[in-house]
Amino acid sequence: MKSTTSKLLLIGALSAVSLSASALKDDTNQPINIVSDNQSLDMENSVVTFTDNVVITQGSILIKANKVVITRPPENSGKKDTIDAYGSPVTFHQQLDDGKPVDGRANKVHYDLGTEFLTLTGNAQLKQLDSKIDGSVITYDVKKQQLKATGNGKSRVQTVLIPTQLQDKGKK
């Protein structure tokens, strides 16, 4: 489960990479700490659930959620783990190599390690300094490095880009 959680943390931060730089290289080598009020393990179904005040840290990465569920598929199924985080909202923060912070939020975050596809659903936002993307759903295909944001019919996608902040290396 350590590599699964590590990938969740990294992918959460990578989803915001399209806004600018790359995540701190050292973060994925740091210990993963998960603190929650409750934890349950269903060995038969290979599901671990963390609930109530879930806080995950690894290096500069900080994720907060009400609930995190990690599901491991049966061996030899050809599938990989999936991770679902739920909150009001789920939030994450990471410091990038260039010193800029990346923040994100959504009511639900789903990551499929097999397809390397991240989905932020409900009140989704990715933000770096004053630049941000808001939408009902934000998806990020890690392999293709493609981000897509969609509205929900009532609200449209909103993007704010501050060119000087995106270009200034090392500005915090």
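Values in this document were obtained by computation on a predicted structure and should not be read as measured data.

*Asks:* Talk me through the overall build of the protein; I want residue IDs and the actual numbers.
*Replies:* Of regular secondary structure, the protein possesses 2 helices and 10 strands. When the helices and strands of the protein are read in sequence order from the N terminus, they spell out α-β-β-β-β-β-β-β-β-β-β-α. Within the protein, the proportion of its 172 residues that are buried is 42%. Contacts in the protein between residues at least 24 apart in sequence constitute 46% of all its contacts with a sequence separation of at least 6. For the protein, the exposed surface amounts to about 9200 Å²; the carbon and sulfur share of it is 48%.

*Asks:* How would you explain the pattern of salt bridges if you had to name every residue and give the values?
*Replies:* Under the definition given, this model contains 4 salt bridges. When the shortest N-O distance is used, the salt bridge between K108 and D84 registers 3.9 Å. Here D84 lies in strand 5 (residues 82-95) and K108 lies in strand 6 (residues 101-112), a separation of 24 residues in the sequence. For D84, a relative accessible area of 11% translates into the label buried. The salt bridge involving K132 is made with D134; its shortest N-O contact spans 3.7 Å. Residue D134 is classed as buried on the basis of its relative accessible area of 14%. Because the salt bridges share partners, they merge into one network encompassing R105, K132 and D134.

*Asks:* Could you give an account of the nonpolar core, with specific residues and numbers?
*Replies:* Within the largest apolar cluster, 28 residues are counted, with the highest numbers of intra-cluster contacts made by V68, V109 and L120. With 5 residues, strand 4 (residues 61-71) is the single largest residue contributor to this core. If we ignore the near neighbours within four places in the chain, the residues touching V109 are I83, D84, A85, V90, L118, T119 and L120.

*Asks:* Any chance you could break down the pairing of strand 6 for me, citing the residues and the numbers?
*Replies:* When a strand is regular, its side chains alternate between the sheet's two faces. Strand direction decides the pairing type here: strand 5 and strand 6, joined by 11 bridges, are antiparallel. By the bridge assignment for strand 6, T82 is matched with D112. Between strand 5 and strand 6, which pair antiparallel and follow one another directly, the connecting turn spans 5 residues, one of which, G99, has a positive phi of 90 degrees. The pairing of strand 6 with strand 7 (residues 117-128) spans 8 bridges and is antiparallel.

*Asks:* An account of the side chain of S136 is needed here, citing residue identities and associated values.
*Replies:* For S136, the location among the structural elements is in strand 8 (residues 131-141). Given a relative accessible area of 16%, S136 falls into the buried group. Setting aside chain neighbours within four positions, we find S136 in contact with L120, T121, G122, N123, A124, T150, G151 and N152.

*Asks:* Let's hear about the pairing of strand 2 (residues 38-42): which residues, and what values?
*Replies:* The sheet contact formed by strand 2 and strand 3 (residues 47-58) spans 5 bridges and is antiparallel. Note on strand 3: the bridge partner recorded for D42 is V47. Adjacent in sequence and paired antiparallel, strand 2 and strand 3 are bridged by 4 residues, among which S46 carries a positive phi angle near 55 degrees.

*Asks:* Any chance you could break down the environment of G135 for me, citing the residues and the numbers?
*Replies:* Within the secondary structure, G135 sits in strand 8. The spacing of G135 and K148 is 13 residues in sequence and 9.4 Å in space, taken between C-alpha atoms. Residues in contact with G135, not counting those within four places in the same chain, are N123, A124 and T150.

*Asks:* Which residues make up the side chain of T82, and what values do they have?
*Replies:* Following the sequence through the fold, T82 ends up in strand 5. Not counting residues within four places of it along the chain, the set of residues in contact with T82 comprises V69, I70, T71, H110, Y111 and D112.

*Asks:* Which residues make up the environment of L113, and what values go with them?
*Replies:* With respect to the secondary-structure elements, L113 resides in the loop between strand 6 and strand 7. Separated by 33 residues in the primary sequence, L113 and K80 place their C-alpha atoms 5.6 Å from one another.

What counts, and at which threshold
Residues numbered from 1 in each chain as written. Predicted model: local features only at pLDDT ≥ 70, side-chain atom pairs only at ≥ 80, totals over all residues. Heavy atoms only, no water. Helix = DSSP H or I, 4+ residues; strand = E, 2+ residues; numbered from the N terminus. Buried < 20%, exposed > 50% of the residue type's maximum accessible area, 1.4 Å probe, protein only. Contact = heavy atoms within 4.5 Å. Areas by Shrake-Rupley, 256 points an atom, 1.4 Å probe, with all protein chains shown as cover. Salt bridge = Lys/Arg side-chain N within 4 Å of Asp/Glu carboxyl O. Core = buried A, V, L, I, M, F, W, Y, C linked by side-chain atoms within 4.5 Å. Pairing = 2+ DSSP bridges.

So far we have only geometry, and geometry alone does not tell us how the molecule works.
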